Structure formats: C-alpha cells, structure tokens
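Observations on the model geometry
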Amino acid sequence: MLNLMLKNRNYSPFCLNDRADFQLRKCACTYPLVLLIIFVFIFIFDSVVFAAPMSDRLFKNDDSGEPWNLTADEINHDRNTDIYTASGNVIIFKNSRKITADFVRFDHKTFHAHAKGNVKLTAGGDVLTGNSLDMDLKSETGTVHDGTIFLKENNFHISGKSIEKTGENSYLAEEATVSTCDGETPDWKITGKKITVDIEGYGFINHAAFWTKKLPVMYVPFMAFPAKTKRQSGLLAPEIGQSDRKGMEYNQPYFWAINENTDATLYVHHMGERGEKGGFEYRYILDKQTRGALMFDYLDDKKQDDGTNNSDKKWGYSGDSYLRPNSDRYWFRMKHDQELPDGFKAKLDIDIVSDQDYLHEFKDGHNGFNATEAYFKKYFGREIDNYDDPVRINRLNLSKNWSFYTFNAETRWYDNVIKRRWSDADDTLHKLPVIEFNSTRQKLSGTPLYADLDSEYTNFYRKDGMSGHRVDLYPRIYMPFRLKSFLSLESSLGLRHTTWYVDPSERDTNENETIYNREMYDASLDLSTEFFRVFKINSERVDSIKHSIKPKIVYSFTPDEDQTDYPSFDGIDRIGMNNLIAYSLTNTFTSRSPSGKTGSDGKKDADEPSYTYNEFLRIMIAQSFNVNEEREDKKDGKPFSPLYGELKLTPFKYLSFSTDATWSTYDSQIVTRNASGRLSDHRGDSLSAEYRFQRDSTESLLSAINIKIFDNLLLRAYHEINIHDNKRIKTDLGFLYTSQCWSVDFGYTDEVDDEKFSFMINFTGLGGFGG
C-alpha cells in the first residue's frame, strides 16, 4: 500500500491509497489530488568504480509509511475515470526526494503516472531531467523521454533519446551518451545505439564509439561491461610495457569477489623474453580486528644469470657478487592479524623469495615489491624487508598490553636466500622463540624510588653452528630528586643477570660446560636544569615566544668484565665497559598563537583550545668524555668524542629545515654532516633537498621539485647522486596533467640497473590505460 499526502495550496491535506478510499484529515476537501511516482535509472560504466543504484534511492517503494506531499497551482479529479491532474509549478516531495514538472496526470485505476514539461527529479545530489515521464507503479516499469541523469558520485552524466526501465533491475537506453565531464561538449564521451543494463549483472552496448570533444577516435560494434553496484568479479585494467630485459609485457589482473568478507586477484603476466608469470592475491576480513592477505607469484624463467655470455649484465644486477642460475622463481608473502580472547593479539608475517635478484626484477607493477609494501603498510601497519635485502624475516607474534606491563612472544625465522641457494652450511641465527615480559617505570609503594624491568628468554637456533638458550633479567631502580624548581637530579642502578644453556657438542671448544651465568651492573647519574623566559609579541599571528635553555650532564658507568668464555649470539652477550660523561646544551624557541574560535558576541568558544604552540627552532650541542680513555694515557688516545651539533627550524607550516654535524676536536675536521629542507605552498608546489656526508665513506645529494605551472599541470623532477663515487643513483622526470574528468601522467626514470618510460591516461569513472 502506498499512501500519498497531497496538499493543494488553498485547501486542507488529505490521503489517497490504492483501495481508492479517502481518509479525511481534519476536514473534507472538494479538490482531488494526484499521485506522482519516481522513476530512476542508473547506468554504470566502469569495472573498478561503481555508483549506488538510483532505483534504491528514487524509485523503489518506501515502506516507511511517510506520505508524498504535493503542491500545485491547480489540482483536479475526474470521479468517472478516477484520474487526477495537477498543473502549474507542480512539486512533489518526500524526505530528500523531490520532483517538479509543469503537468502531472495520474490514473488511479491503472496506477499509471505521466509527467511532462520541465520534468526534474532530485534525490540528494543526483538529478534526473527530461521532457516527459511515463511510469507504471505496480510493475515498476516506465520511460523518460529525452532524459538526462546526473549522478553526483563519480560525476556521471547519462543522456538518451529514451531511457526505459524494463524490469525491477533492468534498463534499456536508446541513442545514449555516457560521460563524467561537465559541459555541453564534454572532453570525452561514449555513445551507443542501444544500451541494456542489468543491475548486479552486466551491461551491453551496441555500436559503441569513444569520442574526444567532437572527434570519434574508436569504434567497436559490441561492448560488455560489469554493472554491479557491489564488489564484482571481472577483469581489471592491464599493464602494458616494453623493456630489454623482459621484452613485450602484458600483465592482466582478474578480480574475484568471493563473498562479502573475502576476495582475490589473479594475474597472468606475459613477458616476451622471460615467459609467463602467474600470481594471485587472497584477502579476507573475519572481524574488525582480524584480517589477512597472502600473495604468491611464480615464473619459470627462460633466462638465467649463469655466468656465460655476459649473463650478469643481461639478466643479473651490477654489484651482485652471486649468480642466479635457477629458472624456478617465486615470491610468497603474507600478513595476518588475529584478535584473541583476554586481550591477546597475534600477528603473522611470511616473506620467502626464490633468489636475491627476484625483487630487483619485479620491483614495480600490480603485484611487484612496491605495491606489496604499500598495501601491507596501509592495511597492517607493518612493512617488509627492503627489496635488496637477501635475508627475509618470517615471524609469528603473540602479545598483550596492560597498564604497566607488556608481554611479547615471537618466533623469528630469518630466511637467508644467499646461504640457502649457495652455501653448504647455513649458520643463519633464528630465534625460536623469543619471549619478553617488561614493566614500565612505576613508583615503588611507600618509597621515593621507581623501578622498571626488562626480561627475555630466547631459544637460538642454527641449522649449522652453535644453538642455545638464554635468559636475561634486567631490572632498574631510579631515585629522582628535585631541588626546588630549578635543579633535577636522578640516579639509577641497573642489575643484569644472564644465563645461557648450550649443548657442548655444538661448540668449537673442548669445554664440557653447558650452563653459563653472568652478573653485571651499571649505574647512571642524570643532572639537568632549565632556564626560560617568555617574550610578549602581541602580533596577530603570534602572542608570545618562549626561549628555553636546558643544560644536561649524564654520567654512566658499566664495569669491565671478561666475557670471552660466554656464548655469543647477539649484542646482549657482549656488553662493553662504559665510563662516560655526556653533556649537552639545548635551546628551544616555542611560539604561542591564538587559535580559539569566536562567537557572534566576540567571545572565545570554550570548546576550542585557546592557543596553539609551535617549537619552531631547536639548537643543541653535545659531546661526551670517555674517562677510561683518559686514564689509559695513550699517546693516540682520544677521550673526547666528536662535537655534535643539531639545528631544526620550522617557522611555519610550509617551511622546514634541519641539519646536524659532528666535528673532531683533534684534527679540526668534519666527521659527518647532514642537511635536509623542504619548501612548499598550498597549491602543491614543493622543493626539497637532502645532503648526506660521512668522511672517507659517503657523500650524496638528492633533490626533488614539484611545480604547478597551472592549477591542472604539475611538473616533477627527482635527482640523486653519489658525490663520493661520482655516480648518478636515480633520475626521475615527469608531469601530471589533470582535467575535470581525465588526467595524463608521463614519467621517465633512469636508475643504475634500469631505465624506463611510463605513460598513463585515466578517464574519471571509466578507468585508465598506459604502460
């Protein structure tokens, strides 16, 4: 039953239902009323981006019971034919839906509605216009003549000589045009003689033509496309390319929407020089905190880097001292997050690659290293080892956090590709597992002391070489003291107990010991103070500036202990002697700016913060003095460390600069020097540079610039050079042109082992192509 409330501008409202009986409200009315039903059509032309069906928003019967409201200059009713007519500024509305027309005629017997003259239907931001509208309410079928549909989502414009709704979710359009461009002459459009669409199915176009402005550029006699408003299975945009290493490339992905919680992408990657590479990605979400993704690629490579015929230059990578004779090449990676009972969480990371060159070879592309790393970082918050790292970490983690305690248990398997492929003995060290229980710093009840705890158990495993177990307990006690308001003094004492168990058969010595114990301690004394002064500025942007000076001295001591007889797995097993005095002086400048909103009465909004603070300048100098080095009285002794200086400047949002350096007081030379800066604006222009220097080792410079020549044209350039070896590391040039409904992206990249051009043109709502 559909109840319509119709209201003549000069008369009281009344209701009409499909039994043709009147339900009077307050008073009778001598004027009849009219029924207008909504017609909508949705057309989707994209395999990736979809709009919600307008039939749900505008046409489908509403069971909420809310009546339609009608206003018009004149409303009439013919009792013999049971036909209602309304004319003159007809407006029918219900919730966010509204339709306007010059004339409406409704046959209550057949439930057929006809509207003509400046017909306009709106729902939210979507708009349907046409010269006339005919609609059968019961069958939900009808036709709009010379109609146009605007879908706010994706900015779709669809027009046709006639647009017919042939069923509950099916449509037919004659002489139709589709575009996402505004204006009477769109930058691009697709026309078809006949278009049929089945929502949650597919659409078909007869005699489809693609136009740019008024110029047809491509014609196909028949075209099919997915027309589902939900995730749907289908082909995605392919990647096409050409290179010396791989030959002609075509990478075609297929998306499989398995169900609401899982989906997959299958890849077929043809490479003329290398063969066919297959791959798949499987993604799933079990609940808000439980999700996972696994990916696998395999290639039976036609080319091997076996050391013959300059294979290292053709199929290997410079600087790689290992060959790659294998043809079976693969990469399996996976991440999983699991919510467990009682606040526990589990995380799984898997990363296994066939050889050291694979991730060099397939760094880019749909299922390459860069795309994988970006996906894992975005959805799991964890990255993977760099593409040039031959040791890949695989781990299973179990953790739980309390207010003052943390529990963390993890198995870590380090897959060393080089040793797995090339070495008869694999001494890669694994941790199966490592269990940590830590306590954050907290006050000891009834005392002025504070304490924290780091504890760890590790089972070290090697396929070839010494394995063993280790327990390490490291509590620390702090005693802070403050003299009035200007001096802070804190002393602390750390006690460390370490126990190892090692099978003597796995050691290189003749010792029969299996258990080793070590007790050590370390102490520190931290002395600091702070002086500051606030300078009133009273400008429009800055209210005041605080200058703070903080000198600090830290003394740390760890005794010298012979540890050569202990097993050695990692840094905890060899703790060096330390007798160090470190001192620093830090200057900070912090601005305070008014930020609270004001109301009509000129008073600050209490819900908004009154001020914002910005530490716009930080200057620090630091150095340390090694007491033991001084006591040994060596001729070449250097107890003073290089003097360290640091400056960070961020005066406002679009400018930042930082630099640091170390300077040797003995030979009066710079040891290290680093600097970076960035300048940008609200348009998107930016200029950045980064310089790195380490004496006798490294000196490099990278710079990047993005310039918006116009609002829709962005030029970009990137250059990185190894100054120390006088070699170019990477050069990247390109531009991005963005129009209202399309964009073009062109790039050129020159790296040490690769040179490529890229070109991509994208049509909004339609997709893109390029290579």
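Refer to the preceding data block for the structure.
The structure presented is a predicted model; accordingly, all values stated were derived computationally and were not measured.

Cut-off values and rules
Residues numbered from 1 in each chain as written. Predicted model: local features only at pLDDT ≥ 70, side-chain atom pairs only at ≥ 80, totals over all residues. Heavy atoms only, no water. Helix = DSSP H or I, 4+ residues; strand = E, 2+ residues; numbered from the N terminus. Areas by Shrake-Rupley, 256 points an atom, 1.4 Å probe, with all protein chains shown as cover. Patch = residues over 30% accessible without salt bridge, like charges linked within 9 Å, V, L, I, M, F, W, Y side chains within 5 Å. Salt bridge = Lys/Arg side-chain N within 4 Å of Asp/Glu carboxyl O. Lys, Arg positive; Asp, Glu negative; His and termini not counted. Charge placed at Lys NZ, Arg CZ, Asp CG, Glu CD. 1 Å grid on protein atoms, 1.4 Å probe; cavity = no way out; pocket = protein on both sides within 12 Å on 5 of 7 lines; lining within 4 Å. Points joined across faces, edges and corners; volume = space filled by probe spheres on them. Expected span 1.5 Å × (residues − 1). Buried < 20%, exposed > 50% of the residue type's maximum accessible area, 1.4 Å probe, protein only. Arc of directions from axis to C-beta. Contact = heavy atoms within 4.5 Å. Pairing = 2+ DSSP bridges.

This part is about the overall build of the chain. Of regular secondary structure, the chain possesses six helices and 44 strands. In the structure as shown, the chain presents an accessible area of about 41800 Å², 54% of it carried by carbon and sulfur atoms.

Let us now look at a negative patch on the surface. On the surface, Asp244, Glu273, Asp754 and Glu755 cluster together into a patch of negative charge. By the element assignment, Glu273 lies in the loop between strand E19 (262-271) and strand E20 (275-287).

Its boundaries defined by the atoms lining it, the second largest pocket holds a volume of some 510 Å³. Asp263, Glu281, Arg283, Tyr375 and Tyr379 are, among the 24 residues lining the second largest pocket, the residues nearest its centre. Only strand E18 (247-256), E19, E20, strand E21 (290-300) and helix H4 (369-380) provide two or more residues apiece to the lining of the second largest pocket. Top element by residues in the lining of the second largest pocket is H4. It accounts for five residues.

Further remarks concern H4. With twelve residues, H4 extends 16 Å between its outermost C-alpha atoms, agreeing within 8% with the 16 Å of an ideal straight helix rising 1.5 Å per residue. Those residues of H4 that sit buried are Phe369, Thr372, Phe376 and Phe380. Down the axis of H4, the sector holding all buried residues measures 65°, keeping them to one side. Backbone geometry just after H4 places Gly381 at a positive phi near 70°.

Moving on to a nonpolar patch on the surface. A contiguous nonpolar patch, built from Leu235, Tyr254, Trp256, Ile258, Leu266 and Phe280 and spanning about 530 Å² of accessible area, is present on the exposed surface. The exposure class of Leu235 is exposed, given its relative accessible area of 52%.

This brings us to the pattern of salt bridges. Throughout the structure, instances matching the rule amount to 42 salt bridges. One salt bridge in this structure joins Asp543 and Arg592, with 2.6 Å as the shortest N-O distance. Taken together, the positions of Asp543 in the loop between strand E31 (531-536) and strand E32 (544-558) and Arg592 in strand E33 (residues 578-594) put the pair 49 residues apart, joining distant regions of the chain. In this structure, Asp543 and Arg592 share a single accessibility class: buried. Across the pair Glu646 and Arg618 runs a salt bridge whose closest N-O atoms are separated by 3.4 Å. With Glu646 in strand E35 (residues 643-652) and Arg618 in strand E34 (residues 611-626), the pair connects residues that are 28 residues apart, well separated along the chain. The buried category is assigned to Glu646, whose relative accessible area is 14%. Each of Arg245, Arg274, Asp301, Arg324, Arg329, Asp355 and Glu361 takes part in one network of salt bridges that share partners.

Let us now look at the environment of Trp402. Mapped onto the secondary structure, Trp402 falls in the loop between strand E24 (391-401) and strand E25 (405-416). Owing to a relative accessible area of 39%, Trp402 belongs among the partly exposed residues under this scheme. With near-sequence residues (within four places) excluded, Trp402 lies in contact with Phe407 and Phe437.

Moving on: the pairing of E18. Across two bridges, strand E16 (residues 234-235) lies against E18 in antiparallel orientation. Following the sheet pairing, Gly234 is matched in E18 by Phe255. Where strand E17 (residues 239-243) meets E18, five bridges bridge the pair, whose relative direction is antiparallel. For Glu239, the partnering residue across the bridge sits in E18 and is Asn251. A loop of three residues connects E17 with E18, the two strands running antiparallel in sequence. Here eight bridges tie E18 to E19, and the two strands are oriented antiparallel to one another. Considered in E19, the bridge of Trp256 is made with Ala264.

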